[in-house]
Number of protein chains: 2
Amino acid sequence: MAMVQEKSDQITRRDPNAIEAVVAALAAKFGNRLVTSRAVREQHANTTSWIANEPPDAVVFPQATDDVQDIVRICAKQRVPVIPFGTGTSLEGHINAPYGGVSIDFRDMNRVLAVNAQDLDCVVEPGITRKQLNEHLRDQGLFFPLDPGADASLGGMAATRCSGTNAVRYGTMKDNVLALKVVLANGELMTTARRAKKSSAGYDLTRLIVGAEGTLGVITELTLKLSGIPEAISAGVCPFPSVEAACNAAIGTIQSGVPVARIELLDELQVKATNLYSKLALPELPMLFVEFHGSPAGVAEQAERFGEIARDLSGGPFEWATKPEDRSRLWQARHDAYWAARGLRPGAQALATDVCVPISRLAECVTAAQREIAELGLVAPILGHVGDGNFHLSLLVDMSDAAEVKAAKTLCERLVERALAMDGTCTGEHGVGQGKMKYLAGELGGPALAAMAAIKRALDPDDIMNPGKIVAI
Amino acid sequence: MAMVQEKSDQITRRDPNAIEAVVAALAAKFGNRLVTSRAVREQHANTTSWIANEPPDAVVFPQATDDVQDIVRICAKQRVPVIPFGTGTSLEGHINAPYGGVSIDFRDMNRVLAVNAQDLDCVVEPGITRKQLNEHLRDQGLFFPLDPGADASLGGMAATRCSGTNAVRYGTMKDNVLALKVVLANGELMTTARRAKKSSAGYDLTRLIVGAEGTLGVITELTLKLSGIPEAISAGVCPFPSVEAACNAAIGTIQSGVPVARIELLDELQVKATNLYSKLALPELPMLFVEFHGSPAGVAEQAERFGEIARDLSGGPFEWATKPEDRSRLWQARHDAYWAARGLRPGAQALATDVCVPISRLAECVTAAQREIAELGLVAPILGHVGDGNFHLSLLVDMSDAAEVKAAKTLCERLVERALAMDGTCTGEHGVGQGKMKYLAGELGGPALAAMAAIKRALDPDDIMNPGKIVAI
């Protein structure tokens, strides 16, 4: 029923004349930086999940903020949607164009505009990826810590309130964006904050835009907090007899105040997949990958405490990777977990979903998910940023098998229901996009959803900023 | 001119019949928990600055969230303002009632509703003060770290996006509030988030309400992040030959990654005042008060690094307070700085103002302020949360001397202008209230101010939620 509604809405909202006028105006201005080929348009829509690919009508490649203002003004005049595009790695259909419109690809806006080393901040364009940024920063002994696995763009990471493996220590994008420049629905450029480390000057527009998934405006510049590259880093892996024991070790580590930089759970199936894919010989048991940052003495102390906690829970032996190349190999294996999971079932579609619960409920939530995966006869290794109570399923689904697809959808529904019943959230870091809109009312209730819709209407009355994501208005 | 405008607006917006109807309805429901005496009303308006005392028409003391919903509904029906009140310690006129209305005093809503020790969080009512909360938590080895000096209420601290002495390590209220319950202008109760440590589920309503100063809704419940009481704490004071040297030591400490818990600057005049008031014998030089939290070894390492940085800048001797009672005495002296400053000039009004700049500009900003204080012939000791680039002036002004009042206002204007010119903010932690509304456009520009006004209109179309603060609509 909902699908029928969406389709009909989509048809009534697409105005071919308006789109034609926009494409003509953009072509006149941007020449061959406007592309309308089907292949390119499809690459700029969802390609990472079972949400259908809904391509935009055109893709444009701006080179500066005022290009973006021009694009938005041209689209606003005809009430044609604009959809910001970074690297296309988002997981909930954020970049789809259900009502058509223009995808703004930030590929060419990837400059570092300033590095203020004394202030531990930098100013960048939204198209720069985290690896490009860290390459640029390395000589100065600085880095941008957030690491979602994919080499995502900073604009996309801000838009989805991304976090990743070391958010447990360094926070999420909400904690690491100091200020933004944002093109609003009327084409005006909004500055959300100055470069001071903190401010009480009015509503927190920075945090409002971080996580708004492009539905309130298009980010064209980011001021980011940086961190010093730690003097010492140590990393290791530690197997546990059960997922409960591994989760409890993560809880104990956080509670005892160890400032762990990463603490990642791989369940037994994910370890198996990783061994196969990354040619490792880890014991096929639930495993924590951990990393500590600090002074040499501080890192040694953290590792020792973690080791004690793990031993008390029958974890171990704890294997260290002290050499940078071994550490890289280990974390590369963790980052390749998605590809490793796919290797478990070649030809199947891999679908990633995430929830986040209060850490005290984590073991219960993960083990219930494992039980359900088994009951439904599915293949779905589990990965978790367990220091934050956040974990992922990688569902490997034969999309031609209707019963299996249905079982997979049931699994996802129940995962969210269980997380909500535990006072958790339907998404810790992937965002809402199209895929999780249906869960927001259950998570936050009517007044919160009404407030979100009121804010959306206030800032984007014609619903042209990435419409059909987060909240319907 | 602006004043005249405000006054006339105030007259046209006050409807005596509406207020009478509200007072009657509230009296019927709340009995003697509704107070209309002049003395109590004046206590519930601004008493901490040179902004005039603008009392509400009545003060009501709710005991539960549904009381607050009833109050808001009664007021909304008559379009009469509601002004939330915690402890009255805010510094920019936040609790004034320029258009009359009802002050909601949260004195009786000060319960701890839950402590989730495993999750390092708790749920509280907004009237609880930080000292009451920490008293409650101590047995469990937990504490709520934020410390603005005054024993403020948690509701007020969230509303003003407060930070204080240890924000440099633990963050500000934006970082330490997990979720809120908020009564909206229509009387509905909004839940901003669940208890998960992180979430990407839609707009960040929590961060929108934190710092909104009651202008978008009334906070009736807070879920707060807690920290473990550090195993070891050490504190000390270190004099420096100049304010520049002290600021540079703070910059060096932050840059070298020392996770200092507090790093507070007192300028020479503030040290003199503190010696007199707190009976200390500190050398009358610019001084850093520092505190380190961690494991015993970690704290020793941090202190050693700070000592090296200080020595390189000709700071020292660094005096330690290892005994808890000495440490308390030291920090009590720091917290009494406001009273100590007042002691420098008995009978004068003490006015606190704050700005925050990128830390690389801090020394320049503080010394320029000192120069200006001298040029204008004013008495204004300086205190700073210098690890964040945030500092305060305590202006001691003879309010009967018009020339001096004018000079003090000039000083405040120039302080803000200079902070903005350095890419800083007009307020790091005190908030906007009435006092700093005029600076927001200069700080953030027209589009940001328009966005704030649009959000305000969207959530509070009749402008009844603490009107006349942050942004005019």
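Residues numbered from 1 in each chain as written. Chains lettered and ligands numbered in written order. Predicted model: local features only at pLDDT ≥ 70, side-chain atom pairs only at ≥ 80, totals over all residues.

With respect to the packing of helix α2 (residues 16–30) of chain A against helix α4 (residues 65–78) of chain A
Residues and elements named next belong to chain A. Where we set the bar: Each axis is a line fitted through C-alpha atoms, taken for helices only over the stretch in contact, and angles between the N-to-C directions span 0 to 180 degrees. Per the convention used, a helix needs a DSSP run of H or I reaching at least four residues, while a strand needs a run of E reaching at least two, with both numbered from the N terminus. Note on terminology: angles under 35 degrees are roughly parallel, angles over 145 are roughly antiparallel, angles of 65 to 115 are roughly perpendicular, and the others are oblique. Definitions for this section: a left-handed crossing has its near helix turned counterclockwise from the far helix by less than a right angle. A right-handed crossing has that turn clockwise. Placing C-beta atoms from the backbone, we regard two residues as in contact once those atoms come within 7 Å. Polar here means any residue outside two lists: the nonpolar Ala, Val, Leu, Ile, Met, Phe, Trp, Tyr, Cys and Pro, and the charged Asp, Glu, Lys and Arg; Gly therefore counts as polar.
It is at 9 Å that the axes of α2 and α4 come closest, and there the two elements cross at 155°. One way to sum up the angle between α2 and α4 is to call them roughly antiparallel. The interaxial crossing formed by α2 with α4 has right-handed handedness. Between α2, through A18, A21, V22, A25, L26 and K29, and α4, the contact on the second element is made entirely by D70, I71, I74, C75 and Q78. Taken together, the residues of the contact of α2 with α4 break down into eight nonpolar, one polar and two charged.

Focus on the environment of E301 of chain A
All names here are of chain A. Condition: Any residue surrounded by 20 or more other C-beta atoms within 10 Å of its C-beta is treated as buried, while 12 or fewer makes it exposed and the intermediate range makes it partly exposed; C-beta atoms here are placed from the backbone.
Mapped onto the secondary structure, E301 falls in helix α12 (residues 296–312). Taking the number of C-beta atoms within 10 Å as the measure of exposure, E301 has 20 and is therefore buried. Residues E301 and V258 lie 43 residues apart in sequence; the distance between their C-alpha atoms is 9.0 Å.

Some details on the nonpolar core
Soluble, globular proteins show a tendency: their nonpolar side chains are buried together. Going by this rule: Throughout this description, the term nonpolar core refers to a group of buried Ala, Val, Leu, Ile, Met, Phe, Trp, Tyr and Cys residues whose C-beta atoms join them within 7 Å.
L288 of chain A together with L288 of chain B are the most contacted members of the largest nonpolar core, which has 300 residues in total. The residues contacting L288 of chain A, other than those within four sequence positions of it, are C238, F240, A246, A249, A250, I263, E264 and L265 of chain A.

A word on the pairing of strand β17 (residues 382–385) of chain B
All names here are of chain B. Test applied: Pairing between strands requires that DSSP locate at least two bridges from one strand to the other.
Here β17 shows two buried faces, one formed by I382 and G384 and the other by L383 and H385. By the bridge criterion, four bridges tie β17 to strand β18 (residues 390–397) in an arrangement that is antiparallel. Directly across from G384, in β18, lies its bridge partner F391. Between β17 and β18, which follow one another and run antiparallel, lie four residues, and G389 among them has a positive phi close to 75°.

Quick look at the relation of the copies chain B and chain A
Note the threshold: For this overlay, a least-squares fit was computed on C-alpha atoms, restricted to residues scoring pLDDT of at least 70 in both copies.
Least-squares fitting of chain B to chain A yields an RMSD of 0.0 Å, with the superposition described by an axial translation of 0.0 Å and a rotation of 180°. On the angle and the small slide along the axis, the relation comes out as a two-fold axis. Comparing contact sets, 100% of the residues at the interface of chain B also lie at the interface in chain A, consistent with an isologous, same-surface contact.

Structural notes on the domain arrangement of chain A
Residues and elements named next belong to chain A. Rules: These domain limits were set by an automatic method or by a database of domain assignments.
According to the domain assignment, chain A contains domain 1 (2–107), domain 2 (109–228), domain 3 (239–338) and domain 4 (348–432). Each of domain 1 and domain 2 has a C-alpha centre, and the two are 23 Å apart. Secondary structure elements with two or more residues in the side of domain 1 that touches domain 2: α4 and β3 (82–85). Considering each element in turn, the side of domain 1 that touches domain 2 owes the most residues, six residues, to α4. For the side of domain 1 that touches domain 2, a count of residues per class yields nine nonpolar, eight polar and two charged.

Quick notes on the sheet that holds strand β14 (residues 287–294) of chain A
Two strands in a sheet stick together by hydrogen bonds in their backbones, pointing the same way (parallel) or opposite ways (antiparallel). Residues and elements named next belong to chain A. Taken in spatial order, the seven strands of this open sheet run β15-β12-β14-β13-β17-β18-β16, and their pairing is antiparallel. Only two strands of the sheet have a single partner each, and these edge strands are β15 (319–321) and β16 (349–356). The mean angle between the axes of side-by-side strands here comes to 20°, regardless of whether they run parallel or antiparallel. Looking at chain direction, strand β13 (residues 262–266) and strand β17 (residues 382–385) are connected through three bridges and run antiparallel. Of the residues in β17, the one forming a bridge with E264 is H385. Against the sheet, helix α10 (residues 243–255) contacts β13 and β14, and its axis sits at roughly 170° relative to β13.

A short note on the confidence of the model for chain A
Residue and element names in this part refer to chain A. The following threshold applies: For every residue, the predictor states its confidence as a pLDDT score lying anywhere from 0 to 100.
Per-residue confidence for chain A gives a mean pLDDT of 94; residues scoring 70 or more make up 97%. Taken as a whole, residues 1–8 scores under 50 in pLDDT and shows one contact with residues more than four places along the chain or in a different chain. Confidence estimates for the predicted assembly give a pTM of 0.96 and an ipTM of 0.96.

Observations concerning the interface of chain B and chain A
Each partner contributes to the interface: chain B provides 75 residues, whereas chain A provides 75 residues. Listing elements by their share of the side of chain B that touches chain A, those giving two or more residues are α8 (173–176), β9 (189–191), α9 (205–209), α10 (243–255), α12 (296–312), α17 (437–444) and α18 (446–459) of chain B. Taken together, the residues of the side of chain B that touches chain A break down into 32 nonpolar, 26 polar and 17 charged.

Details of the sheet that holds strand β8 (residues 177–183) of chain A
Residue and element names in this part refer to chain A. Read across the open sheet, the five strands follow the order β5-β6-β10-β8-β9; overall the sheet is antiparallel. Every interior strand has two partners, whereas the edge strands, β5 (112–116) and β9 (189–191), have only one. Averaged over neighbouring strand pairs, the angle between their axes works out to 15° when direction is ignored. Two elements, β8 and β9, share three bridges in a ladder whose sense is antiparallel. By the bridge assignment for β9, K181 is matched with T191. Packing against the sheet, α4 makes contact with β8, β9 and β10 (218–225), and its axis sits at approximately 145° to β10.

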